[in-house]
Amino acid sequence: MATFVVLVAAILTAISTVETSGGVSSGARPARVRRQTGELRQEIPAEFTQIYQGSVFNGTEDIYRYTYMQNESSPRAIRVEVKSEGATEDYPLLFVVRQQRGILSWQVPLMIRGIYGYDKVSRTLCPMDHLQVGVKDEKETVYLEVSAASPTALNYRVNATILTDFILSTGQPRNFLVSPSQPQYYAYKMPPDLDMVVVKVSSPNSLCAVFSLQPIKCPVYDLDRNIEFVGIYQTFMKKAAITVQRSYFPNGEFYVVVVVKATDADCTGEMETIQPAYPSEEAFEMRRVKEVNVVVGPSITDSQYVTAVFVGILVFVLFYVVTFMVLFIQWIRQRNAELEGLAPRPEEQAASNAEAPINAQRTEPNYGATGWDRVKMPSVLDTAFTDGLSLNHITILGKKLSNNGSVSSQKEANISPNKPTTDPYTMGEQPAETKPGIPPTDQPNGPPIPPNPPPPRPAQPKSYPKPPMVHTLSDSSMEDDIDMLDDADEDKDIYRTKTFLYVADLARKDHRHLSQKYNLYSWNLLTISVFYALPVIQLVITYQKMLNTTGNEDICYYNFFCAQPAGDLTAFNNVYSNIGYIMLGVLILILVYRRDYTHQKKVDAGDRYAIDYGIPKHFGLFYAIGIALVMEGVMSGCYHVCPNYSNFQFDTSFMYIIGGLGMLKLYQTRHPDINANAYAAYASLAIVIFVAVIGVVFGTPYFWAIFTIVYVLAILALTAQVYYMGRWRLDMGIFHRMYLLIRTDCLQCSKPMYWDRFVLLLVGNIINWSLALFGAVAQPDDFASFMLAIFIINFLLYFVFYIVMKLRSGERILWVTVGLIIITLICWTLALSFFFKGVTTWEKTPAQSRLDNKDCVLMGFYDDHDIWHFMSAISMFCSFLVLLMLDDDLDYTPRDKIPVF
């Protein structure tokens, strides 16, 4: 009975073989394998490149024996291609390849992820030449066994070829086709003169594939289900690259493996409709076959590597050299000026100021909130003298004058009859030497030179004269009936709401108390930085170790076309390029400390210019800015150890802090008494960072709706805070006060009470409302960058407003500062041009991010993003220098002549 079954099977096999035409490789004539009657297992001597057809069923087995000569000097690999259209998932054909030192097996149809079945499979056998070192010119025999458990005969075709071009050469591209069931891999060995190479793959189509580098050993993992088991791998669509050091693989030898994924979900992040199993050959060829080009090229040499690193740090060392040269030249000039008597020494100033009478000019207050008109004190006195009244018949500010002309009051008020009659709130009629911000100088736009002798220090505590009232001594009863409004100079709810404010109005608090308040910015930031940086460093090191251990380079979003490794770091260049932030941040701290030390030395010497003239000197925020710039370099470096979706906030957190501190410093310049304290400022910035994280993780339409509403309300609250100089309250009566405000200020007035602030806040509200509307409509994916753009735009808006108002107020900008502003604009333009080129993006999948990868553009070591790091560090350094020097022209201007805006 068994003999009869075998005979029937043989007849059916012969018939099906006659009907089958064509081979696995086009143009080849298949050889028919006939089974002898009753023979269940047959061994067939086979030749390479010859196509064989046969059939097997349950209990039968065909064995093909291939023999070839090993060649250690020129390793070769064998590629086997099989196909069967009759095999099914329940009754597959089984193929087993036995080599001297390994076994490789698969089935047809080849099931990918248990869903996609492919009836055509091609596999490359692991070459023994690489493993048998020292064995030459020996025969190697390979056995290919074909079997099945099907009750009926299953037809198949098989072909084996020797790959003579199995070894990749440096700089020579290799083109081939791959699919999920037909992976390809080639071997590469580094030449002795190379220690590092870059393996690049590219493809004209965007099918999802995996690109892997594996050590020379068997088995080679070249299927979708196991390619991630060993070596280094990446998913890619159109291009990818891996930089390899000789130390990564023994003897610098490795396999380059490429296989196509069954779907594109791993590359696009989007689930696809499940394709039907067992696709036809035509559909298969159209859908999942990918043309791939592989090229292995040399990376930079060790000398080029060291040169690039040295040049990177040398650029910023030059900033130190130039800065110290300028400081030295400035010290020499100042010393020569002191020796020539052009500027008094500090001890001479102290002696001069001690002997000088107190005769500080004061400007009368204008209480726009109370409806007072501006009163010109000199004109009242001139009228009195014109009418022939003597000093004995005049009472100034409600105080009686004695015969000798002194004021019989505890408060001294020395008002000269020769005082100019110009309104102190207008500047067109004043002499050049008394205009705010324009001290005497021999140079049109040079540094201010202090007048000689220096003006005396105003009386303390600082107070302002009241509007003058003239009456005779006989009208003594008027003194009891008139309220002199002494609280107008003491109640901040009154003097801060004047129509025209000067720095003296907002610099009444004790200087030492304010300095301690602003020093908290730097100390608090230093504490925040330590506690924030330590877990960040630990986390990114863990990420890097995970990448090195698993070989999964999809964990981190590098620019793989320009990733220069060093030790365990995959992209050392992206980390190292942040050194500019650290070095220039330290340089800012040095410059700020020098200014702080010089200013304190003058104060200790009793220099009236340092104490009561110019913008009040508080350096706490500048120290905080320097620390923030240093920490931006540290945190950006940590982020670039392994940039990804999970740690993006490391790179942006201190950018928010820098932007916020910059705006606070600019506002503090002329509002020292009412600037935010460190606790409120950092709490606000913490909320901003928290919202940025929520926006990236949960950027849903509901989030954007809530964010837009909160954003608009925050804009309105900040507008009220700035417009009323902090003199407003958020309580249940706010709606009634808003009604009164609209009724009195908007409906009955032809112009706003505080015109300059109104213009700034109007423009700011228009821009911020536009940003809120854009965010609500567009809902950008990179919410963190959107938040950072809000900070940058508002800082630039306020900075431009400050410059315009400074010039409008008759002040000037020193030529050094003008030059720095021009340099800053140029540097920011260049920096942003490199930033927007974009070489990676964690908002997309790793494979999609690699589409933006670009080659190195500077010294074969730095990419566009590295240049962004360099240029942005220089730009921020110059920007903070501008802030530090912007009001140097006011150092010898009385604070009651410096307007607030």
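Conventions used here
- Residues numbered from 1 in each chain as written.
- Predicted model: local features only at pLDDT ≥ 70, side-chain atom pairs only at ≥ 80, totals over all residues.
- Heavy atoms only, no water.
- Helix = DSSP H or I, 4+ residues; strand = E, 2+ residues; numbered from the N terminus.
- Buried < 20%, exposed > 50% of the residue type's maximum accessible area, 1.4 Å probe, protein only.
- Contact = heavy atoms within 4.5 Å.
- Areas by Shrake-Rupley, 256 points an atom, 1.4 Å probe, with all protein chains shown as cover.
- Patch = residues over 30% accessible without salt bridge, like charges linked within 9 Å, V, L, I, M, F, W, Y side chains within 5 Å.
- Salt bridge = Lys/Arg side-chain N within 4 Å of Asp/Glu carboxyl O.
- Axes fitted to C-alpha atoms, helices over the stretch in contact; angles between N-to-C directions.
- Parallel < 35°, antiparallel > 145°, perpendicular 65-115°, else oblique.
- Left-handed = near helix turned anticlockwise from the far one by under 90°.
- Pairing = 2+ DSSP bridges.
- Phe/Tyr/Trp six-rings, centres within 6.5 Å; stacked < 30°, edge-to-face > 60°.
- Disulfide = S-S within 2.5 Å.
- Nonpolar A, V, L, I, M, F, W, Y, C, P; charged D, E, K, R; others polar.
- Core = buried A, V, L, I, M, F, W, Y, C linked by side-chain atoms within 4.5 Å.
- Expected span 1.5 Å × (residues − 1).
- Polar contact = N/O pair within 3.5 Å; in protein donor to acceptor, adjacent residues only side chain to side chain.
- pLDDT = per-residue confidence, 0-100.

Digging into the overall build of the chain
Next up, step 1: What the chain contains, in helices and strands, is 22 helices and 22 strands.
Next up, step 2: The buried share among the 901 residues of the chain stands at 49%.
Next up, step 3: In the chain, 79% of the contacts between residues at least 6 apart in sequence involve partners at least 24 apart.
Next up, step 4: By element, 61% of the accessible surface of the chain is carried by carbon and sulfur atoms, the whole surface being about 42900 Å².

Here we look at a nonpolar patch on the surface
Next up, step 1: On the surface, a cluster of nonpolar side chains totalling about 530 Å² of accessible area is made up of Phe-310, Leu-314, Val-317, Leu-318, Val-321 and Met-325.
Next up, step 2: Within the secondary structure, Met-325 sits in helix H4 (residues 302-339).

Focus: the packing of helix H11 (residues 579-604) against helix H13 (residues 620-641)
Next up, step 1: It is at 7 Å that the axes of H11 and H13 come closest, and there the two elements cross at 170°. One element, H11, and the other, H13, form an angle in the roughly antiparallel class. Crossing handedness for the pair H11 and H13: left-handed. Across from Tyr-581, Ile-582, Leu-584, Gly-585, Val-586, Ile-588, Leu-589, Val-592, Tyr-593 and Asp-596 in H11, the residues of H13 making contact are Phe-622, Tyr-623, Gly-626, Ile-627, Leu-629, Val-630, Glu-632, Gly-633 and Val-634.

Some remarks on the pattern of salt bridges
Next up, step 1: A full pass over the atoms with the stated rule returns 22 salt bridges.
Next up, step 2: The partner of Glu-43 in a salt bridge is Arg-65, and the shortest N-O contact between them spans 2.1 Å. Placement of the pair is Glu-43 in strand S2 (residues 41-45) and Arg-65 in strand S4 (residues 61-69), with a sequence separation of 22 residues.
Next up, step 3: A network of salt bridges, in which partner residues are shared, links Arg-670, Lys-806, Glu-811, Asp-887 and Asp-889.

Some details on the sheet that holds strand S7 (residues 102-108)
Next up, step 1: Pairing is mixed in the open sheet, where five strands are placed in the order S2-S4-S11-S6-S7. Strands with a single pairing partner mark the edges of an open sheet, and in this sheet they are S2 and S7. The mean angle between the axes of side-by-side strands here comes to 20°, regardless of whether they run parallel or antiparallel.
Next up, step 2: Relative to strand S11 (residues 139-148), strand S6 (residues 93-99) is paired through six bridges, and the arrangement is antiparallel. Paired with Phe-95 across the bridge in S11 is Val-146.

Things to note about the packing of aromatic side chains
Next up, step 1: Using the criterion set out here, one finds 51 aromatic pairs in the structure.
Next up, step 2: Seen in terms of ring centroids, Tyr-305 and Phe-861 are 4.9 Å apart; in terms of plane orientation they differ by 85°. Their pairing is edge-to-face. One end of the pair, Tyr-305, is in helix H4; the other, Phe-861, is in the loop between helix H21 (846-849) and helix H22 (864-885), and 556 residues separate them in sequence. For the pair shown, Tyr-305 and Phe-861 are each scored as buried.

Brief notes about the state of the cysteines
Linking two cysteines covalently via their sulfur atoms produces the bond known as a disulfide.
Next up, step 1: For the structure shown, the criterion picks out four disulfides.
Next up, step 2: Shown here is the disulfide that connects Cys-556 with Cys-642, its sulfur atoms set 1.8 Å apart. The sign of the -90° torsion about the S-S bond sets the Cys-556-Cys-642 disulfide as left-handed. On the criterion of sequence distance, the pair formed by Cys-556 in the loop between helix H9 (511-550) and helix H10 (572-576) and Cys-642 in the loop between H13 and helix H14 (649-668) is long-range, its members being 86 residues apart. Taken as a pair, Cys-556 and Cys-642 share a single burial class, namely buried.
Next up, step 3: For the chain, the bonded cysteines pair up as 1-3, 2-4, 5-7, 6-8 when numbered in the order they occur along the sequence.

Quick word on the packing of H14 against helix H15 (residues 678-697)
Next up, step 1: Orientation of H14 relative to H15, taken along the N-to-C sense of each, is 140°, at an axis distance of 10 Å. The two elements H14 and H15 cross, and the hand of that crossing is right-handed. Each of Gln-649, Ser-653, Tyr-656, Ile-657, Gly-660, Leu-661 and Leu-664 in H14 lies in contact with H15, whose residues at this interface are Ala-681, Tyr-682, Leu-685, Val-688, Ile-689, Ala-692 and Val-693.
Next up, step 2: Here the residues of the contact of H14 with H15 sort into 11 nonpolar, three polar and no charged.

Focus on the nonpolar core
Next up, step 1: Judged by nonpolar contacts, the single largest core of 120 residues is most densely connected at Tyr-521, Leu-525, Tyr-656, Leu-661, Phe-707 and Phe-783.
Next up, step 2: Top element by residues in this core is H22. It accounts for 15 residues.
Next up, step 3: Apart from residues no more than four positions distant in its own chain, Phe-783 is found in contact with Val-691, Ala-692, Gly-695, Val-696, Phe-703, Trp-704 and Phe-707.
Next up, step 4: Phe-176, Met-190, Val-199 and Tyr-255 belong to the second-largest nonpolar core, a separate cluster that totals 40 residues.

Details of the pairing of strand S18 (residues 239-245)
Next up, step 1: Buried residues dominate S18, accounting for six of its seven residues.
Next up, step 2: Of the strand pairs in this sheet, strand S15 (residues 196-202) and S18 are connected by seven bridges, and their pairing is antiparallel. Bridge pairing in S18 places Val-197 opposite Val-244.

Overview of helix H18 (residues 755-778)
Next up, step 1: Taking 1.5 Å per residue as the helical rise, H18 with its 24 residues ought to reach 34 Å, and the 34 Å between its terminal C-alpha atoms agrees with that figure.
Next up, step 2: Within H18, burial applies to Arg-757, Leu-760, Leu-761, Gly-764, Asn-765, Asn-768, Leu-771, Ala-772 and Gly-775.
Next up, step 3: Lining the buried residues of H18 we find helix H16 (701-723) and helix H19 (783-808).
Next up, step 4: Where H18 ends, the next residue or the one after it, Gln-779, has phi of about 50°, a positive value.

Structural notes on the sheet that holds S15
Next up, step 1: Taking strand neighbours across the sheet as the criterion, the four strands line up as S13-S20-S15-S18 in an open arrangement whose pairing is antiparallel. Every interior strand has two partners, whereas the edge strands, strand S13 (174-178) and S18, have only one. Taken over all neighbouring pairs, the strand axes of this sheet differ in orientation by 20° on average, direction set aside.
Next up, step 2: Judged from the five bridges that link them, S13 and strand S20 (residues 290-298) form a sheet pairing that is antiparallel. Looking at S20, one finds that Val-178 is bridged to Lys-290.

Thoughts on unusual backbone geometry
Next up, step 1: Each neighbour pair has its own omega, and for Val-108 with Pro-109 the value is 5°, a cis peptide bond.
Next up, step 2: The omega torsion across Cys-218 and Pro-219 is 0°, close enough to zero to call that bond cis.
Next up, step 3: Position of Pro-219 among the secondary structure elements: in the loop between strand S16 (209-215) and strand S17 (232-236).
Next up, step 4: Phi is positive for Asn-251, close to 60°, though the residue is something other than glycine.
Next up, step 5: Along the chain, the position of Asn-251 falls in the loop between S18 and strand S19 (253-260).
Next up, step 6: Its identity is not glycine, yet Gln-779 carries a phi of approximately 50°, on the positive side.
Next up, step 7: Note that Gln-779 resides in the loop between H18 and H19.

Let's talk about the environment of Ile-793
Next up, step 1: Inspection of the secondary structure assignment puts Ile-793 in helix H19.
Next up, step 2: On a C-alpha basis, the gap between Ile-793 and Asn-768 in space is 8.9 Å, while along the polypeptide they are 25 residues apart.
Next up, step 3: If we skip the residues at most four places from it in the chain, Ile-793 touches Ile-767 and Leu-771.

Quick look at H19
Next up, step 1: For H19, spanning 26 residues, the distance from its first C-alpha to its last is 37 Å, which sits close to the expected 38 Å at 1.5 Å a residue.
Next up, step 2: A positive backbone phi angle near 85° is found at Gly-810, which sits one or two residues after H19.

Observations concerning the side chain of Asp-264
Next up, step 1: Take Asp-264: it is sitting in the loop between S19 and helix H2 (265-268).
Next up, step 2: With a relative accessible area of 14%, Asp-264 lands in the buried category.
Next up, step 3: Here the side chain of Asp-264 touches Arg-288 through a polar contact of 3.1 Å, side chain to side chain.

Points about the confidence of the model for the chain
Next up, step 1: Chain-level statistics for the chain give a pLDDT mean of 77 and a share of 71% at 70 or above.
Next up, step 2: In this model residues 1-28 is a low-confidence stretch, pLDDT under 50, and it forms 30 contacts with partners more than four residues away in sequence or in other chains.
Next up, step 3: In the model, residues 345-444 has pLDDT below 50 throughout and makes 170 contacts with residues more than four positions away in sequence or in other chains.

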